[in-house]
Amino acid sequence: MTEPNQLLFFFSALGAFNGFLLSIYFAVNAKKKIFANYFLALLLLVLSIRIIKSVFFYFNPQLSNVFIQIGLSACVLIGPFLFLYLRSYSNQDKSNWLIHTIPYIIGITILGIFYPYVEHRKIWSNWIVTGIYLQWLIYIIASFKYLKPIFKKLKEKEKLKDLDVWLLSIYFGVVVIWLAYKFGAYASYIVGALSFSFVFYLILLLVIFRNSRETTFFQEKEKYKNKAIDQETLNLMEQKLSIIVEKELFLDPNLTLEIVSKELQVTKHLLSQYINETLGKSFTNLIKEYRIEKAKQLLRTESNFTIEGLGYDSGFSSKSTFFNAFKKITGSTPAEYQKLHSK
């Protein structure tokens, strides 16, 4: 093997190897954290099996046909595990996961027994593999619906949580690998490189999340579990929150949870918990509502300023953010509201 090929083999195989390591990590982590990590572990496992098959076959075309068959068969579970992972993170739904896995395992096993790759390469190349990639694509499309809330945030220019970024990375990483296998002229070469980048990107995200000060790794939905706020604190928080309106802190377009917590002299965690649990909304949406109320007041009383200018005076950082938020909260555009309510 030439030196360039040795380097290519090393970096391609390293991606798959790290995929195995991460799958083990998430499988163990699932016991301590959440059920969804089992699906992530299995997704990384089947991706690694498929990728390592491609890497070794590229450098060793005489690779055992049984190993080739196992690598190709693993693809049948990539789509289902992606779907199950995103679904479980969207609503914590653990039901019916067997329906999305067992039939495919049984089906690919039966095909492997009656049509082994070593004796039926044309059938595998022309029909079985094509069917597997089609099934994989169907699950990719079906999985997209669980990302719609994230894309809605992007459309409304809301700040994404770490978890949102993670789920997008997982989804598009799988999509890119599918595209490389389906349309890449040199699939093994491309997918080897892609797997290396993809898996190490996951590691990078893992490091970022583990060092996050505000969230426990992939547990944003349970961060207030068993930490209920007592009634005395609730009353105090209600009084303190009014300071945001009295001092019009929301007019600062760069206002953050940390700035407000310092102004109110409470911890970020307590403030976030109160807004999330008691008011039933996020900090971002609460500030957005305060700004809309200010904008409504200005639209009713000010006629010598542009609507865009009134948006900036209400604390919004851009015209589009102001218009989208106003429409969403009031059901009408700023111009329509001003026309109906101006003095």
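A. Spatial organisation of the overall build of the protein chain. Across its full length, the protein chain carries 16 helices and zero strands. Counting only residues that meet the buried cut, the protein chain has 44% of its 343 residues in that class. A sequence separation of at least 24 residues applies to 69% of the contacts in the protein chain between residues at least 6 apart. Carbon and sulfur atoms make up 60% of the accessible area of the protein chain, which amounts to about 18700 Å² in all.

B. Expanded view of the nonpolar core. Formed by 44 residues in total, the largest nonpolar core has its most connected members in Tyr85, Trp136 and Leu167. If sequence neighbours within four positions are ignored, Trp136 has contacts with Cys75, Ile78, Gly79, Val174, Ile177, Trp178 and Tyr181. Within the second largest apolar cluster, 19 residues are counted, among which are Met237, Leu249, Val266 and Leu271.

C. Geometry of the side chain of Gln338. Topologically, Gln338 is positioned in helix H16 (residues 334-341). Engagement of the side chain of Gln338 in a polar contact is seen with the backbone oxygen of Glu302, the distance being 3.3 Å. Among residues more than four places away in sequence, those in contact with Gln338 are Leu299, Glu302, Ile307 and Leu310.

D. Representation of the confidence of the model for the protein chain in the model. For the protein chain, the mean per-residue pLDDT works out to 76, and 70% of the residues sit at or above 70. Helix H13 (residues 283-301) holds the highest mean pLDDT among the elements of the protein chain, 90, whereas helix H9 (residues 187-210) holds the lowest, 53. Overall, residues 185-190 carries pLDDT values under 50, and its contacts beyond four positions in sequence, including any with other chains, amount to nine contacts. Predicted confidence is poor over residues 213-217, with pLDDT under 50, and the contacts of this stretch with residues over four places away or in other chains come to 11 contacts.

E. Region of the structure containing H16. Along H16, the positions that sit buried rather than exposed are Pro334, Tyr337 and Gln338. For H16, the angular spread of buried residues about the axis comes to 100°, placing them on one side. The exposed set on the far side of H16, more than 90 degrees from its buried face, consists of Lys339 and Leu340.

F. The arrangement of the pattern of salt bridges in detail. For the structure on display, the rule yields six salt bridges. Between Lys153 and Asp164 there is a salt bridge, with its nearest N and O atoms 2.9 Å apart. One end of the pair, Lys153, is in helix H7 (residues 148-155); the other, Asp164, is in helix H8 (residues 162-183), with 11 residues separating them in the sequence. Assessed through its relative accessible area of 9%, Asp164 is described here as buried. Residues Lys262 and Glu258 are paired through a salt bridge, measuring 3.7 Å at the closest nitrogen-oxygen approach. Here Lys262 pairs with Glu258, and both are found in helix H11 (residues 257-264), just four residues apart, close to one helical turn.

Definitions and limits used
- Residues numbered from 1 in each chain as written.
- Predicted model: local features only at pLDDT ≥ 70, side-chain atom pairs only at ≥ 80, totals over all residues.
- Heavy atoms only, no water.
- Helix = DSSP H or I, 4+ residues; strand = E, 2+ residues; numbered from the N terminus.
- Buried < 20%, exposed > 50% of the residue type's maximum accessible area, 1.4 Å probe, protein only.
- Contact = heavy atoms within 4.5 Å.
- Areas by Shrake-Rupley, 256 points an atom, 1.4 Å probe, with all protein chains shown as cover.
- Core = buried A, V, L, I, M, F, W, Y, C linked by side-chain atoms within 4.5 Å.
- Polar contact = N/O pair within 3.5 Å; in protein donor to acceptor, adjacent residues only side chain to side chain.
- pLDDT = per-residue confidence, 0-100.
- Arc of directions from axis to C-beta.
- Salt bridge = Lys/Arg side-chain N within 4 Å of Asp/Glu carboxyl O.

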